[in-house]
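# Examining the three-dimensional arrangement
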Amino acid sequence: MSTSVFVSRPDAEVFDFLADARNLALWSSGVTSVDADDVLPGRDAAYGYRYPGRRRPHRLVCDHFEPCRRIVFRGQRMWSPLGTQVPVYGFDLIPHGDGTMVRLSVTSCLSAALLLLAPVVAMAWRRDLPADARKFGDILGGSAAAPLHGPQVPASGGSGGDPGAPAATPLRTAPGGFDYAH
């Protein structure tokens with residue numbers, strides 16, 4: 001499944017955001033969390049990640065890394081009583097006017113009896129991927145982009161406000177030096 005979203009940011013900024021795999025958990029419904037404390041983005045970079053509904057972490061590997069053009073992350077084969085699934089998250093960047101068109105794609109490679117559930121898996125991604133694209137666009141500013149860098153927010157919480165609101169989390173710095181809200 002694939003969909004596209006326009007972001008009013010240069011392709012280099014968008015690519016830096018995507019190259020830091022930890023950012024997938026900010027907007028992708030297919031990724032619960034990504035750990036990459038000592039991983040430098042690039043081809044073959046490996047991360048620990050959690051797939052929704054799975055208790056143990058799996059391995060997420062950068063399978064294709066073409067700066068400012070394309071990046072692909074391949075998940076580890078996940079076993080179930082019905083077979084296996086390997087998720088692949090792909091991102092193609094196309095400079096477009098005053099921003100970047102980003103094609104987001106998800107492929108689930110299924111085996112054994114899970115092949116019988118392929119229409120259900122496809123239906124779920126047809127439902128979720130457009131919402132993920134909107135969330136991705138919102139995080140990067142959509143068509144009204146705001147700076148991606150800024151002061152760091154303390155992990156312990158914000159400044160006053162609603163005491164019942166969740167605590168703010170620190171900003172994440174990507175390789176290009178931009179800070180992204182986590």
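Higher on the page you've got the structure.
Not measured: the values here are computed from a predicted model. Within every chain, residues take consecutive numbers counted from 1 along the sequence as written. Local features in this predicted model are restricted to residues whose pLDDT is 70 or higher, and side-chain atom pairs enter the listing and the counts only when it is 80 or higher, whereas totals over whole chains, interfaces and linings include all residues. The basis for the side-chain values is all heavy atoms of the structure; hydrogens and waters are excluded.

Here we come to the overall build of the chain. When helices and strands are tallied, the chain shows 3 helices and 10 strands. Only DSSP runs of H or I with at least four residues qualify as helices, and only runs of E with at least two residues qualify as strands; both kinds are numbered from the N terminus onward. Ordering the α and β elements of the chain from the N terminus gives β-α-α-β-β-β-β-β-β-β-α-β-β. Only protein chains enter the calculation, and the probe is 1.4 Å; a residue is then buried if its accessible area is under 20% of its type maximum, exposed if over 50%, and partly exposed in between. Counting across all 182 residues of the chain, residues that qualify as buried make up 41%. Relative to all contacts within the chain whose residues are 6 or more apart in sequence, the contacts with residues 24 or more apart total 50%. Whether two residues touch is decided by their heavy atoms; if any such pair falls within 4.5 Å, the residues are in contact.

Moving on to the pattern of salt bridges. For this document, the term salt bridge refers to a Lys or Arg side-chain nitrogen within 4 Å of an Asp or Glu carboxyl oxygen. In the structure shown here, the tally under the stated rule is 7 salt bridges. Of the charged contacts, one joins R69 and E66 as a salt bridge, the two residues approaching to 3.2 Å between their closest N and O atoms. Exposure remark for R69: the relative accessible area of 53% places this residue in the exposed category. One salt bridge connects R127 with D128, and the closest N-O pair in it is separated by 2.7 Å. By relative accessible area, which is 57% here, R127 ends up exposed. Exposure remark for D128: the relative accessible area of 21% places this residue in the partly exposed category.

Quick look at the packing of aromatic side chains now. In this scheme Phe, Tyr and Trp rings, the latter by its six-membered ring, pair at centre separations within 6.5 Å, and the angle between planes marks the pair as stacked below 30 degrees, edge-to-face above 60, and tilted otherwise. As enumerated under the stated definition, the model contains 5 aromatic pairs in all. Ring geometry for W27 versus F91: centroids 5.7 Å apart, planes at 70 degrees, classification edge-to-face. Within this pair, whereas W27 is found in helix α2 (residues 24-27), its partner F91 is found in strand β7 (residues 83-96), the two being separated by 64 residues in sequence. Like W27, the residue F91 is buried in the burial classification. Linked through ring pairs, F17, W27, F91 and F136 together constitute an aromatic cluster.

Looking now at the environment of S108. Within the secondary structure, S108 is located in strand β8 (residues 99-110). Distance from S108 to W125, taken between C-alpha atoms, is 9.4 Å for residues 17 residues apart in sequence. Once residues within four sequence positions are removed from consideration, S108 is found in contact with Q85, V86, V121 and W125. Polar contacts, as counted here, are pairs of nitrogen or oxygen atoms within 3.5 Å of one another; within protein the pair requires one atom able to donate a hydrogen and one able to accept it, and residues that are adjacent in sequence qualify only if both atoms are side-chain atoms. A distance of 3.3 Å separates a polar atom in the side chain of S108 from a polar atom in the side chain of Q85.

On to the nonpolar core, then. Joining through side-chain atoms within 4.5 Å is the link that ties buried Ala, Val, Leu, Ile, Met, Phe, Trp, Tyr and Cys residues into a set, and such a set is a nonpolar core. In this structure, L18, W27, L60, F73, F91 and F136 are the most contacted members of the largest nonpolar core, which totals 33 residues. Tallying contributions element by element places helix α1 (residues 11-19) first for this core, with 5 residues. In this structure, L60 is in contact with A21, L24, V34, A45, A46, Y47, Y49, F73, R74, G75 and Y89, ignoring residues within four places of it in sequence.

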